[in-house]
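# Descriptive analysis of the structure
Read off the chains here:
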Amino acid sequence: MENEKYLFVVSGPSGVGKDTVISFLRGAHPEIGKTVSATTRAPREGEAEGVNYFYRTEDEFRRMLERDEIVESNYYSGHYYGTLRSEVDRLLAQNTPVVLNIDIHGAANIKRLYPGATTIFLLPPSWEVLESRLRGRGSNETAEEIQKRLDTAREELSHAGEFDGQVVNHVVEDCAAELYGIMARRAGLAEEH
């Protein structure tokens with residue numbers, strides 16, 4: 001599909017700064033589309049169907065998974081969250097660039113469903129920087145929980161070579177600019193100056 005060139009998947013280990021980089025990228029480039037995910041959790045006060053999430057029961061969510069209507073999903077804090085294929089397809093049909101923040105397993109599924117998508121792995125400047133970020137998050141995690149995060153991060157880093165490209169997150173602004181450069185070259189977007 002020709003418009004798959006507008007689909008970009010950003011993955012990387014916990015603590016590498018994916019959310020921050022993508023948030024900065026979207027702030028600098030509001031033309032980048034944002035998908036609305038589905039979830040099995042109840043709406044919070046002020047949230048609206050189709051704006052914040054598409055709210056579904058667990059049975060509905062499972063049926064959507066079986067029908068490949070959800071291109072990637074996670075189970076977090078007792079609820080399912082997933083990216084809807086219809087949301088991705090809606091934006092791609094408009095030739096709107098789409099950036100998805102997805103774990104390494106979800107990225108493989110996106111590539112299966114959208115072979116023309118571009119997968120990008122964010123790397124930390126060094127293992128020591130990533131370890132420092134994971135240890136310094138200010139949470140009440142035990143040493144065992146932190147070690148589990150570190151082990152997961154090491155495993156995730158071992159998959160970086162499976163992605164179409166890698167970008168090192170030294171400085172958020174520079175990382176976002178490099179990410180946009182990849183998008184511009186791949187999708188024929190206007191380059192930054």
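Rules used in this analysis
Residues numbered from 1 in each chain as written. Predicted model: local features only at pLDDT ≥ 70, side-chain atom pairs only at ≥ 80, totals over all residues. Heavy atoms only, no water. UniProt positions renumbered as here; feature names shortened; annotations may be inferred. Pairing = 2+ DSSP bridges. Helix = DSSP H or I, 4+ residues; strand = E, 2+ residues; numbered from the N terminus. Axes fitted to C-alpha atoms, helices over the stretch in contact; angles between N-to-C directions. Contact = heavy atoms within 4.5 Å. Salt bridge = Lys/Arg side-chain N within 4 Å of Asp/Glu carboxyl O. Buried < 20%, exposed > 50% of the residue type's maximum accessible area, 1.4 Å probe, protein only. Arc of directions from axis to C-beta. Phe/Tyr/Trp six-rings, centres within 6.5 Å; stacked < 30°, edge-to-face > 60°. Lys NZ or Arg CZ within 6 Å of the ring centre and 35° of its normal.

An unreviewed UniProt entry annotates the chain as Guanylate kinase originating from Candidatus Faecalibacterium intestinavium. Here is the UniProt Subcellular location (unreviewed entry) comment for the chain, exactly as written: "Cytoplasm".

On to the sheet that holds strand 8 (residues 165-168), then. Taken together, four strands build an open sheet; the order of strands is 6-1-7-8 and the sheet is parallel. Every other strand in the sheet has two partners, leaving strand 6 (98-101) and strand 8 as the edge strands with one partner each. If you compare each strand with its neighbour and ignore which way they point, the axes differ by 25 degrees on average. Those strands touched by helix 4 (residues 104-113) are strand 1 (7-11), strand 6 and strand 7 (118-123), and its axis lies near 160 degrees from that of strand 1.

This part is about the pattern of salt bridges. For the structure on display, the rule yields ten salt bridges. As a salt-bridge pair, Glu49 and Arg56 come within 2.9 Å of each other at their nearest N and O atoms. For Glu49, a relative accessible area of 43% corresponds to the partly exposed category. When the shortest N-O distance is used, the salt bridge between Asp59 and Arg62 registers 3.9 Å. Residue Asp59 and its partner Arg62 are both found in helix 2 (residues 58-66); the two are separated by three residues, about one turn of the helix. Its relative accessible area of 36% is what places Arg62 among the partly exposed residues. One salt-bridge network, in which partners are shared between bridges, spans Glu58, Asp59 and Arg62.

This brings us to helix 1 (residues 18-28). Every buried residue belonging to helix 1 is among Lys18, Val21, Ile22 and Leu25, and all of these are buried. End-on view of helix 1: buried residues confined to an arc of 95 degrees, all on one side of the axis. Set apart from the buried face of helix 1 by more than 90 degrees, the exposed residues are Asp19 and Gly27.

Turning our attention to the packing of aromatic side chains. Applying the stated criterion across every chain yields a total of five aromatic pairs. One aromatic cluster is present, formed by Tyr53, Tyr55 and Tyr81 through successive ring pairs. Lying across the ring of Tyr114, Arg85 places its NZ or CZ 5.4 Å from the centre. Cation over ring: Arg154 sits above Trp127, and NZ or CZ is 4.0 Å from the ring centre.

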